[in-house]
Amino acid sequence: MASVSASHLILFIASLVIAAGVAGTFTQGISRLSQGIDDQSLEVSEEVRTDIEVISDAGSPVYNNSTNTVTILVKNTGTSTLDNDSRFVEILLDGRYRTNVTSTVVDGEEWRPNNVIRLEIGGADLTAGDHRVKIIVNGDEEVFRFRT
Amino acid sequence: MGFSVSGSAAIIFVAIFLAFSTAYTASANGFERMTDAKTAVDEEALERQNTALSVANVTYDGGTDTLSVDVVNEGTTGLSVNATDLLVDNAYRDNFTARRVGGDNSTDLWLPGEQLHLELTTPTRPDRVKIVSGPGVAVTEVL
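What counts, and where the lines are drawn
Residues numbered from 1 in each chain as written. Chains lettered and ligands numbered in written order. Predicted model: local features only at pLDDT ≥ 70, side-chain atom pairs only at ≥ 80, totals over all residues. Helix = DSSP H or I, 4+ residues; strand = E, 2+ residues; numbered from the N terminus. Rg over C-alpha atoms; globule rule 2.2 N^0.38 Å. Buried ≥ 20, exposed ≤ 12 C-beta atoms within 10 Å, placed from the backbone. Contact = placed C-beta atoms within 7 Å. Pairing = 2+ DSSP bridges. Axes fitted to C-alpha atoms, helices over the stretch in contact; angles between N-to-C directions. Domains from an automatic or database assignment. Parallel < 35°, antiparallel > 145°, perpendicular 65-115°, else oblique. Nonpolar A, V, L, I, M, F, W, Y, C, P; charged D, E, K, R; others polar.

### Here's the deal with the overall build of chain A
- The helix and strand inventory of chain A stands at 1 helix and 9 strands.
- If you list the helices and strands of chain A from N to C, you get α-β-β-β-β-β-β-β-β-β.
- Taken over the C-alpha trace, chain A has a radius of gyration of 28 Å; the compact-globule value for 148 residues is 15 Å, which it surpasses by more than 25%.
- In terms of principal-axis extent, the alpha carbons of chain A reach across some 100 × 30 × 20 Å.
- The 148 residues of chain A split such that 26% are buried.
- The contacts in chain A between residues at least 6 apart in sequence include a share of 60% that link residues at least 24 apart.

### A few points about the sheet that holds strand E9 (residues 140-147) of chain A
Residues and elements named next belong to chain A.
- Ordered in space as E5-E4-E8-E9, the 4 strands form an open sheet in which the pairing is antiparallel. In this open sheet, the two edge strands, each paired with only one partner strand, are strand E5 (96-98) and E9. Each adjacent strand pair in this sheet contributes to an overall mean axis angle of 25°, direction not counted.
- Across 3 bridges, the pairing between strand E4 (residues 89-93) and E5 is antiparallel.

### A word on the domain arrangement of chain A
- Annotation of chain A at the domain level lists domain 1 (1-49) and domain 2 (52-147).
- For domain 1 of chain A and domain 2 of chain A, the distance between their C-alpha centroids amounts to 49 Å.

### Observations regarding the interface of chain B and chain A
- The partner chain A presents 39 residues to the 38 residues of chain B that form the contact.
- Sorting the residues of the side of chain B that touches chain A by element identifies helix H1 (2-49), strand E4 (85-88), strand E9 (128-132) and strand E10 (138-142) of chain B as the ones contributing at least two each.
- With 22 residues, the top contributor of residues to the side of chain B that touches chain A is H1(B).

### Re the packing of helix H1 (residues 2-49) of chain A against H1(B)
- Following both chains from N to C, one finds H1(A) and H1(B) inclined at 0°, their axes separated by 8 Å at the closest point. Classed by the angle they form, the pair H1(A) and H1(B) counts as roughly parallel.
- Residue composition of the contact of H1(A) with H1(B), by class: 26 nonpolar, 13 polar and 4 charged.

### Observations regarding unusual backbone geometry
Residues and elements named next belong to chain A.
- Located in the positive-phi region is Asn68, a residue other than glycine, with phi close to 55°.
- Looking at the secondary structure, you find Asn68 in the loop between strand E2 (63-64) and strand E3 (69-76).
- Phi at Asn138 is positive, roughly 50°, even though this residue is not glycine.
- Along the polypeptide, Asn138 turns up in the loop between strand E8 (130-137) and E9.

### A short note on the sheet that holds E4(B)
Residues and elements named next belong to chain B.
- Strand order in this open sheet of 4 strands is E5-E4-E9-E10, and the pairing throughout is antiparallel. Each edge of the open sheet is held by one strand with a lone partner, namely strand E5 (91-93) and E10. On average, each strand axis in the sheet is tilted by 25° relative to the strand beside it, whichever way the strands run.
- In this sheet, E9 lies alongside E4 in antiparallel orientation, the contact comprising 4 bridges. Of the residues in E9, the one forming a bridge with Leu87 is Lys130.

### Details of the environment of A:Val62
- By the element assignment, A:Val62 lies in the loop between strand E1 (52-54) and E2.
- When the 24 C-beta atoms within 10 Å are taken as the criterion, A:Val62 is described as buried.
- A:Val62 sits 58 residues away from A:Glu120 along the chain, and the two C-alpha atoms are 10.0 Å apart.
- If we ignore the near neighbours within four places in the chain, the residues touching A:Val62 are A:Ser56, A:Val70, A:Thr71, A:Ile72, A:Phe146 and B:Asn90.

### Observations regarding the domain arrangement of chain B
- Taken domain by domain, chain B comprises domain 1 (1-49) and domain 2 (53-142).
- Once you take the C-alpha centre of each, domain 1 of chain B and domain 2 of chain B turn out to be 49 Å apart.

Right under this line is the structure:
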C-alpha cells in the first residue's frame, strides 16, 4: 500500500509540475502578445493622429541660389505633438534622401498642433526647372512641388 | 489520480483565466485608443471641410512700410487667431503690429463671417501674401 501511495504522490507532483509548466508558457506567450498589441495600437494611433501640411508658397522663391538652400514651412495639422528633430523628419529632394537638414519651430518651443517648423535643406544645388520635395513624418507623407 | 487531474486542471484553468484577462485588457485598450484617434481625425477633417477663407483686402503703405491684410472667415466653423499663419514672400511672419477680429485685439476666436485684420511692418513691398488657417486651409494673394 505504501508503494502505491508513493507512486500516486510522485504522479501527483509530476502532473502539477507539468501543468505549472504549461500554464507558465501559456501565460507568458499571451503576455507577450498583449504587450505587442498595446505597443502596436499606440504606434498606429499616433500615425492616425499625425497630419502635416506644407504651407510654403510655391509661387515665392523657395530655393536660395546663393546658399543652395531650400526652405520649406510645414504645419502640424494633426492632433498630436510631433518631434521636429531632423532624425524623425525624412526628406527626399528630387528623389534623393537628404540628411543636411536644419529644423526649427518658428512659432513655439515644440511642434504642437497648429505650430509650424522651418526645414532648411542645405547643399541642394538645384538646376533651373521643376523640383519636388517629399516630407515624411510618422508615416504621413506630403509632396511639395516648386520651380527654380 | 483524481487529485492529479483536478490539481492540474485547476492550474491550467487559472492560467487561462489570467492570460485571457490580460489579452482582453490589452485588446480593449488598443481598440479604444484607435477609436479615439479615428474620431479626432474625423472631427479634424470635418473642420477642414467647413473652413473657407477669402482675402478682402491686402494693401502696402510704402510711407509707413506697413502691410495690411484683411481676411474673412467664409466657412461655417470658428477658427483660432493664434493658429492662423501669415507668409509674406514665403517668409513666416508673426511680428504683427496689429491683429484683431472685428476691432477686438484680445480674442482668439475668429468666427464665421468675421474679418481678421493683420498689420505688420515690412521694409519692401511684398509680391505675395499667404494666409494659412489652423486646419491648413490657405489663401494666397498677389499684390
